[in-house]
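One-letter residues, chain by chain:
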Amino acid sequence: MAGVGGFRLARIEAAAYRVPADPPVRTAFGTMHDRPGVVVRVEDEAGNHGWGEVFCNWPPPGAEHRARLVSDVLAPLARDRDFDHPAAVGQWLEQRTRVLVLQCDEPGPFAQAIAGIDGACWDLAARKARLPLADALGGAVRAVPAYASGINPDRPERMAAAKRAEGYGGFKLKVGFGRDRDLANLATMRVELGPAARLMADANQAWSVADTAAMLPELAAFGLHWLEEPVMADTGLDDWRRLAEAAPMRLAAGENMRSRAEFAAAIASGAFGVVQPDAIKWGGVTGCAAVGREIVAAGLDYCPHFLSGGIGLMASAHILAAVGGPGMLEVDANENPLRTLLAQPFPALADGAFVLTDAPGIGVEPDLPALERSRRPL
């Protein structure tokens, strides 16, 4: 990649944070009363540093477990080793922990912890090279279109109106709370936003294949830009294809895919118009940049999934800037100190897009003292 080199890691540290969620974040499968986060900091022997983030939204106590995976299991494997490229760190850790993953039956937590370290190493390498992460990935910084996500089912039009006033041009509603409520909320959202606004719906795997097939004609009236994860993420691609053929909108998925092979099959299937890898859940910057390019090359939209803290959000924005295409950056509509305090200065939204600067790496630093004042005891 453009100008990034190697390093010898001297420190790999992780810390778990938890702040109140006000209001709670609701999905079809559960409610988040806290916003958790795991922050990773790496440093090389010369004192260069980088920041990463680990997915830990579910289950509720998962943050502490993943932080210990980083600090107690993964850090000793990668510390005091020479790596010729940031992508080599995750590859090394995957190879060295393959037996542990099988023994513990924890492919998800290990993938998430490794993704956080991978992101931190990319940030370190880009800062060391004095390049924005997007440039280090072979692209260039640019404004990336953003949409307001995670809009809860309680009076969603109020949140949509507030986010429109802030400058967002796309809005994603949580559905999966019963047919009548879902349809009423979508109707209210469409009236509030008008016919031209980009409106999406996320069912969070709430429906069966038959339920989805029955809902599709009723959703046609709302002009959805996409319908996200209407069925279980591990539903066979043949069923996804049949739903896509019947759907009046594009189908979206990807946050729960976790291998290059799975993404390749999804991209080739013709079932998805929008593919959404999450850089702190699987693959890190390395994997999601590679998959993102494959998505765009196939003529699909790469829209990174993201509903966590500010470090991962900025990494996702830089990956999107580097990969290109018409995709949008997912930004949580709900109040979240982990988003803003972990990414200072928080980027401005202008004309519906996040404006990235040419600052090195992900371009931000976490305000950990302020976050300490906001945190809830673990």
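This text follows the structure it describes.
A few points on the structure.

## A word on the pattern of salt bridges
Part 1 of the argument: Counted according to the given criterion, the structure contains 23 salt bridges.
Part 2 of the argument: Between Arg 8 and Glu 45 there is a salt bridge, with its nearest N and O atoms 3.3 Å apart. Pair noted here: Arg 8 is in strand β1 (residues 7-27) and Glu 45 is in the loop between β2 (30-44) and β3 (49-54), with a separation of 37 residues, a long-range link.
Part 3 of the argument: Through salt bridges with shared partners, a single ionic network connects Arg 8, Glu 45 and Asp 82.

## Remarks on the sheet that holds β1
Part 1 of the argument: Ordered by their spatial adjacency, four strands build an open sheet running β3-β2-β1-β4, and the pairing between neighbours is antiparallel. The sheet terminates laterally at β3 and β4 (82-83), the two strands that pair on one side only.
Part 2 of the argument: Strand direction decides the pairing type here: β1 and β4, joined by two bridges, are antiparallel. Pairing of Phe 7 across the sheet is with Phe 83, part of β4.
Part 3 of the argument: Sitting on the sheet, helix α1 (residues 62-78) is in contact with β1, β2, β3 and β4, with an inclination near 170 degrees to β1.

## Here's the deal with the pairing of β2
Part 1 of the argument: With twelve of its 15 residues buried, β2 lies for the most part within the structure.
Part 2 of the argument: Count of turn residues in the β1/β2 antiparallel hairpin: two residues.
Part 3 of the argument: By the bridge criterion, six bridges tie β2 to β3 in an arrangement that is antiparallel. What sits directly across from Glu 43, in β3, is His 49.
Part 4 of the argument: Turn length for the β2-β3 hairpin, with the two strands adjacent in sequence and antiparallel, is four residues, and the turn residue Gly 47 shows positive phi of about 95 degrees.

## Quick notes on the packing of helix α8 (residues 209-219) against helix α9 (residues 237-246)
Part 1 of the argument: Relative to each other, α8 and α9 sit at 10 degrees, their axes nearing to 10 Å. Considering the angle they form, α8 stands roughly parallel to α9. Two secondary-structure elements touch here, α8 through Val 209, Thr 212, Ala 213 and Leu 216 and α9 through Asp 239, Leu 243 and Ala 246.
Part 2 of the argument: Taken together, the residues of the contact of α8 with α9 sort by class into five nonpolar, one polar and one charged.

## Looking at helix α4 (residues 107-128)
Part 1 of the argument: Spanning 22 residues, α4 covers 31 Å between terminal C-alpha atoms, matching the ideal 32 Å at 1.5 Å per step.
Part 2 of the argument: For α4, the tally of buried residues reaches 20 of 22 residues, placing the bulk of the element in the interior.
Part 3 of the argument: Directly after α4, the chain includes Arg 130, whose backbone phi takes a positive value near 60 degrees.

## Some thoughts on the environment of Asp 351
Part 1 of the argument: With respect to the secondary-structure elements, Asp 351 resides in the loop between β13 (349-350) and β14 (353-355).
Part 2 of the argument: Taking the C-alpha atoms as reference points, Asp 351 and Gly 169, 182 residues apart in sequence, are found 8.2 Å from one another.

## Considering the environment of Thr 357
Part 1 of the argument: Examined against the element boundaries, Thr 357 turns out to sit in the loop between β14 and α14 (368-374).
Part 2 of the argument: Judged by relative accessible area, which is 45%, Thr 357 ranks as partly exposed.
Part 3 of the argument: A sequence separation of 216 residues divides Thr 357 from Val 141, and the C-alpha atoms of the two residues are 6.8 Å apart.
Part 4 of the argument: Those residues in contact with Thr 357 that lie beyond four places of it in its chain are Pro 132, Val 141 and His 318.
Part 5 of the argument: A polar side-chain atom of Thr 357 sits 3.2 Å from the main-chain amide nitrogen of Ala 359.

Calculation rules
Residues numbered from 1 in each chain as written. Predicted model: local features only at pLDDT ≥ 70, side-chain atom pairs only at ≥ 80, totals over all residues. Heavy atoms only, no water. Salt bridge = Lys/Arg side-chain N within 4 Å of Asp/Glu carboxyl O. Helix = DSSP H or I, 4+ residues; strand = E, 2+ residues; numbered from the N terminus. Pairing = 2+ DSSP bridges. Contact = heavy atoms within 4.5 Å. Axes fitted to C-alpha atoms, helices over the stretch in contact; angles between N-to-C directions. Buried < 20%, exposed > 50% of the residue type's maximum accessible area, 1.4 Å probe, protein only. Parallel < 35°, antiparallel > 145°, perpendicular 65-115°, else oblique. Nonpolar A, V, L, I, M, F, W, Y, C, P; charged D, E, K, R; others polar. Expected span 1.5 Å × (residues − 1). Polar contact = N/O pair within 3.5 Å; in protein donor to acceptor, adjacent residues only side chain to side chain.

So yeah, pure geometry; function would need other evidence.
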